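# Coordinates in review
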Amino acid sequence: PGLSPFFSDGNKRYWTWYLAILTFVVFFFFAAGFGSFSYNQTVESGITEPLTVAEVKNYLRLEGFIDNSESISSEFDDDDVIIETLIRSARERLEEYTGLSFIPKTWEIELTNLCGGFDIPFGPVNTIIYLKDDEGDSISTDDFDISFNGRILKSPKWANMTMKYEAGYTVLPKGLKDAMYKEVAYRYINRGDENVDGLSKEAMVLASKYKTTNWIG
């Protein structure tokens, strides 16, 4: 009873600090080693962007950023190189923001899954090419368990494994495609401005519901 947090104000302060420190230590060790990963992107398969230059030019015309009286979109090619660059830039920015692969890619990651439930990053995951243990030996598909949606590695609960897998959308969801349009338009009308940092607010709003959470953000 003498150590109860209800016994005195001093005990309350002691227990508050004790639980705060304990929570910090548990979170630190969990984040540092129980579900961590490092990664390497090995291949971007072909790099066919989700938007074409023609699609973006038509979108810019509809939004009033290209004068409709000048020419039809197929004839207005002055900014084609700029638009092509903006498409790739928008895709890469939104991939970083959402934690997803907008186009097919091959990833190789080193991971620790001591608690199970490891969230495989940069999805959607399409195919697991291999999973290896800390000695580089392949783990049979019968010996590891992936969730139905392909996002979660349930087991084995081991450290220092290596996974290689194919990920990415074959058809980008409309919400993410619209976010790319908004980001390209924002960059197009503000090209040359020095203080244009981060994603446009409209693109972020559209992409936010797709955003994933993992140990890199």
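Residues numbered from 1 in each chain as written. Predicted model: local features only at pLDDT ≥ 70, side-chain atom pairs only at ≥ 80, totals over all residues. Heavy atoms only, no water.

Looking now at a nonpolar patch on the surface. On the surface, Y18, L19 and L22 cluster together to form a nonpolar patch covering roughly 280 Å² of accessible area. Mapped onto the elements of the fold, L22 is located in helix α1 (residues 9-34). (Patch = residues over 30% accessible without salt bridge, like charges linked within 9 Å, V, L, I, M, F, W, Y side chains within 5 Å. Areas by Shrake-Rupley, 256 points an atom, 1.4 Å probe, with all protein chains shown as cover. Salt bridge = Lys/Arg side-chain N within 4 Å of Asp/Glu carboxyl O. Helix = DSSP H or I, 4+ residues; strand = E, 2+ residues; numbered from the N terminus.)

Next up on the list: the side chain of E95. Within the secondary structure layout, E95 lies in helix α3 (residues 80-98). Residue class for E95 comes out buried when judged on its relative accessible area of 8%. With residues up to four places along the chain from it excluded, the contact list for E95 reads L100, S101, F102, I103 and K105. (Buried < 20%, exposed > 50% of the residue type's maximum accessible area, 1.4 Å probe, protein only. Contact = heavy atoms within 4.5 Å.)

The next point concerns the environment of S138. Here S138 lies in the loop between β4 (125-132) and β5 (145-146). S138 sits 23 residues away from M161 along the chain, and the two C-alpha atoms are 9.7 Å apart. Beyond its immediate stretch of four places on either side in the chain, S138 contacts L131 and K132.

Take the packing of aromatic side chains next. Under the defined criterion, the tally for this structure stands at 2 aromatic pairs. Judged by centre distance (4.7 Å) and plane angle (25°), the ring pair of Y59 and Y181 falls under stacked. Note that Y59 is positioned in helix α2 (residues 53-62) and Y181 in helix α4 (residues 174-189), a separation of 122 residues in sequence. In this structure, Y59 and Y181 share a single accessibility class: buried. Relative to F122, the ring of W107 lies with its centre 4.1 Å away and its plane at 20°, an arrangement referred to as stacked. Separated by 15 residues along the polypeptide, W107 in strand β2 (residues 105-111) and F122 in the loop between β3 (118-119) and β4 bring together distant segments of the chain. Each of the two residues, W107 as well as F122, counts as buried. The cationic tip of R191 hangs over the ring face of Y188; the distance from NZ or CZ to the ring centre is 4.1 Å. (Phe/Tyr/Trp six-rings, centres within 6.5 Å; stacked < 30°, edge-to-face > 60°. Lys NZ or Arg CZ within 6 Å of the ring centre and 35° of its normal.)

Chain-level statistics for the protein give a pLDDT mean of 83 and a share of 73% at 70 or above. Note that pLDDT drops below 50 for residues 28-33; the model gives that stretch 8 contacts with residues more than four away or on any other chain. (pLDDT = per-residue confidence, 0-100.)

On to the nonpolar core, then. Within soluble globular proteins, side chains that are nonpolar generally end up buried alongside one another. One finds V56, I87, L94, F102, L176 and M180 to be the most contacted residues of the largest nonpolar core, which totals 24 residues. When contributions to this core are tallied by element, the ones reaching two or more residues are α2, α3, α4 and α5 (201-208). Ranked by residue count, the leading element in this core is α4, at 7 residues. In this structure I87 touches E49, L51, T52, V53, V56, M180 and V184, once residues within four positions along its chain are discounted. Counting residues in hydrophobic clusters, the runner-up holds 15 residues, among them I109, F118, L131 and M161. (Core = buried A, V, L, I, M, F, W, Y, C linked by side-chain atoms within 4.5 Å.)

As a further point, take unusual backbone geometry. A cis amide bond links G123 to the next residue, P124, at an omega of 5°. Note that the residue after S155, namely P156, is joined by a cis bond; omega there is 10°. Positionally, P156 belongs in the loop between β6 (152-155) and β7 (161-167). One non-glycine residue, F122, adopts positive backbone phi at about 65°. Relative accessible area serves as the criterion here: at 8%, F122 is assigned to the buried category. The phi dihedral of N160 falls on the positive side, at around 55°, and the residue is not glycine. Position of N160 among the secondary structure elements: in the loop between β6 and β7.

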